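Inside the fold
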Amino acid sequence: MQNPISGSGPATVQAQIVRLELNHPWTLSRNTSAFKENVLVSIGKNGITGFGEAAPNVRYDENAKSTLWAIEAVSDLYSDFDFHQHESIDQKLKSAIPDNSCARAALDIALMDWLGKAYGRPIHRILNIPCSEIPPTSFSIGIDQPDVIRRKVETASEYKILKVKLGTDNDQEIINTIREISDKPIRVDANEGWKDKYEALDKITWLQSQGIELIEQPMPAELMEETTWLREQINIPLIADEAVKTVNDIPALASSYDGVNIKLMKAGGIQEALRMIHLAKKSGLKIMLGCMIETSVAIAAALQLSPLADYVDLDGHLLIRNDPFYGITISDGCFSQSNQPGLGVLKK
Ligand code: MG
């Protein structure tokens, strides 16, 4: 590949916490939040700015402040680094900030955005991702009271698939409420909320009669043997989410799960997520490409890989009111791949 702009020279890394206001308070089996604090990153060099984003997650002991510090702690790495050697900085970040994968993701996304802009190409073309169709995204329905759930489902009318958060005492009521007004395919995410294999089997046996397409993370991530047992009792795919963070987690999962939910924030960026996709496919696992609550920056980054996914769950930017970026095209619940350089999103 030609080198149109030198990858060397002085660079600046800037990071700031941004408060994202949610359309509805967001409840999962483990917590509720009315807003989300993410960290936006920009890397500037040779007149080009690449944008990135970290979406810290309490499940992985991350928060906005510790993520900001992690990014600031490694910003010197970029001062005399050749950006075209993007694989080597990925390795350096892994050693420098091993425990903050979303900080690494923000820096990797910003670097890839910078590279795409320098080459005048979208990131998916730099990574040779095929330009095939992107599966329709699911739209997430958080845990709520029946009247709110009904409203959320009605608002999601353009999306073809619903992803419903369960793992509560009223799982059946939630599904019944949705089924009264919608026969769309439902993907269930229990977020580790079913405490043992008997509770999980009970819930899934009923869910199988309700047109459920798959179940994500039924039990706590560490219950691998129980999950293997559960998988043998049911006829519905099990997808690992909290049980998989990086490429190292994948080999052990193939006997317990049918697929993996790969997220840039867990993986530590686009490059690691791509390695995970390749290994998971080789291991016979289906690929879900997921997200946290994120702005259009991180969603656009995941979209670059989306033609490789079996299931797309990239709705984080649709759940917030004050997205500072724009540029993602979605129509009838289906994304179009951007042909703009880098991520293809612009600051408002
Ligand atoms: Mg999940």
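Structure: above.
The rules behind the values
Residues numbered from 1 in each chain as written. Predicted model: local features only at pLDDT ≥ 70, side-chain atom pairs only at ≥ 80, totals over all residues. Heavy atoms only, no water. Phe/Tyr/Trp six-rings, centres within 6.5 Å; stacked < 30°, edge-to-face > 60°. Helix = DSSP H or I, 4+ residues; strand = E, 2+ residues; numbered from the N terminus. Buried < 20%, exposed > 50% of the residue type's maximum accessible area, 1.4 Å probe, protein only. Lys NZ or Arg CZ within 6 Å of the ring centre and 35° of its normal. Pairing = 2+ DSSP bridges. Contact = heavy atoms within 4.5 Å. Axes fitted to C-alpha atoms, helices over the stretch in contact; angles between N-to-C directions. Donors = N, O, S within 2.8 Å, 3.2 Å for Na, K, Ca; no water. Parallel < 35°, antiparallel > 145°, perpendicular 65-115°, else oblique. Left-handed = near helix turned anticlockwise from the far one by under 90°. Nonpolar A, V, L, I, M, F, W, Y, C, P; charged D, E, K, R; others polar. Lys, Arg positive; Asp, Glu negative; His and termini not counted. Salt bridge = Lys/Arg side-chain N within 4 Å of Asp/Glu carboxyl O. Polar contact = N/O pair within 3.5 Å; in protein donor to acceptor, adjacent residues only side chain to side chain. Arc of directions from axis to C-beta. Right-handed = clockwise from strand over helix to strand, strands pointing away.

1. Quick look at the packing of aromatic side chains
- Within this structure, the stated rule accounts for 7 aromatic pairs.
- With 4.9 Å between their ring centres and 80° between their planes, Phe-83 and Trp-114 make a pair best called edge-to-face. Separated by 31 residues along the polypeptide, Phe-83 in the loop between helix H1 (64–74) and helix H2 (86–96) and Trp-114 in helix H3 (residues 101–119) bring together distant segments of the chain. The pair Phe-83 / Trp-114 is uniform in exposure class, with both members buried.
- Between Phe-139 and Tyr-159 the ring centres are 5.0 Å apart and the planes differ by 20°, which places this aromatic pair in the stacked class. Residue Phe-139 is located in strand E4 (residues 138–141), and its partner Tyr-159 is located in the loop between helix H5 (146–155) and strand E5 (161–165); the two are separated by 20 residues in the primary sequence. With respect to class, Phe-139 is no different from Tyr-159; both count as buried.
- Among the aromatic residues, ring-to-ring pairing joins Tyr-78, Phe-81, Phe-83 and Trp-114 into one connected group.
- Above the ring of Phe-83, the side-chain terminus of Lys-45 is found at 3.9 Å from the ring centroid.

2. Observations regarding the sheet that holds strand E7 (residues 212–216)
- Strand order in the open sheet formed by 8 strands is E4-E5-E6-E7-E8-E9-E10-E11, with parallel pairing between adjacent strands. The strands lining the two open edges of the sheet, one partner per strand, are E4 and strand E11 (311–312).
- Where strand E8 (residues 238–240) and strand E9 (residues 259–263) come together, 2 bridges link them in parallel fashion. By the bridge assignment, Ala-240 is partnered in E9 with Val-260.
- Along the sheet, helix H6 (residues 171–181) contacts E5, strand E6 (186–189) and E7; its crossing angle with E5, the most-contacted strand, is approximately 155°.

3. Some details on the coordination of the magnesium ion
- Taken together, Asp-189 (OD), Glu-216 (OE) and Asp-241 (OD) make up the full set of protein donors to the magnesium ion, lying 2.1 to 2.2 Å away.
- Written as a sequence motif, the donor residues of the magnesium ion are D-x26-E-x24-D. Taken together, the residues Asp-189 in strand E6 and Glu-216 in strand E7 connect sequence positions 27 residues apart. Across this residue pair, the class does not change: Asp-189 and Glu-216 are buried.

4. Re the sheet that holds strand E1 (residues 11–27)
- If you walk across this open sheet you meet the 3 strands as E1-E2-E3, and the pairing is antiparallel. With one partner strand each, in any of the chains shown, E1 and strand E3 (48–54) form the two edges of the open sheet. Adjacent strand axes in the sheet meet at a mean angle of 25° when their direction is disregarded.
- Together, E1, strand E2 (32–45) and E3 form the strand contacts of H1, whose direction differs from that of E1 by roughly 160°.

5. Observations concerning the packing of helix H7 (residues 197–207) against helix H8 (residues 224–233)
- The N-to-C vectors of H7 and H8 enclose an angle of 25°; their axes lie 10 Å apart at closest approach. In terms of orientation, H7 lies roughly parallel with respect to H8. Our pair here, H7 against H8, has a crossing hand that is right-handed. Taking contact as the criterion, the partners of Lys-197, Tyr-198, Ala-200, Leu-201 and Ile-204 in H7 are, on H8, Glu-226, Trp-229, Leu-230 and Gln-233.
- In terms of residue class, the contact of H7 with H8 is built from 6 nonpolar, 1 polar and 2 charged.

6. Focus on the side chain of Glu-62
- Looking at where Glu-62 falls in the secondary structure, it is placed in the loop between E3 and H1.
- Despite its burial, Glu-62 pairs with no opposite charge; the closest candidate is Lys-245, at 4.4 Å N-O.
- Engagement of the side chain of Glu-62 in a polar contact is seen with the backbone nitrogen of Asn-57, the distance being 3.1 Å.
- In this structure the side chain of Glu-62 is engaged in a polar contact, spanning 3.3 Å, whose partner is the side chain of Ser-101.
- Each residue touching Glu-62, except ones within four places of it in the same chain, is listed here: Ala-55, Pro-56, Asn-57, Thr-67, Asp-99, Asn-100, Ser-101, Cys-102 and Lys-245.

7. Focus: H5
- Listed in full, the buried residues belonging to H5 are Val-148, Ile-149, Lys-152 and Val-153. Seen end-on, H5 carries its buried residues on one side only, within an arc spanning 135°.
- Contact partners of the buried residues in H5: E1, E4, E5 and H6.

8. Thoughts on the pairing of E6
- The alternating pattern of E6 places Ile-186 and Val-188 and Arg-187 and Asp-189 on opposite faces, both of which are buried.
- Sheet topology note: the E5/E6 ladder contains 4 bridges and is parallel. Across the sheet, the residue bridging to Val-164 is Val-188, located in E6.
- At this point the chain moves from E5, through H6, to the parallel E6, and the crossover so formed is right-handed.
- Here 4 bridges tie E6 to E7, and the two strands are oriented parallel to one another. Bridge pairing links Asp-189 to Glu-216 in E7.
- Viewed along the sheet, the connection from E6 through H7 into E7 turns out right-handed.

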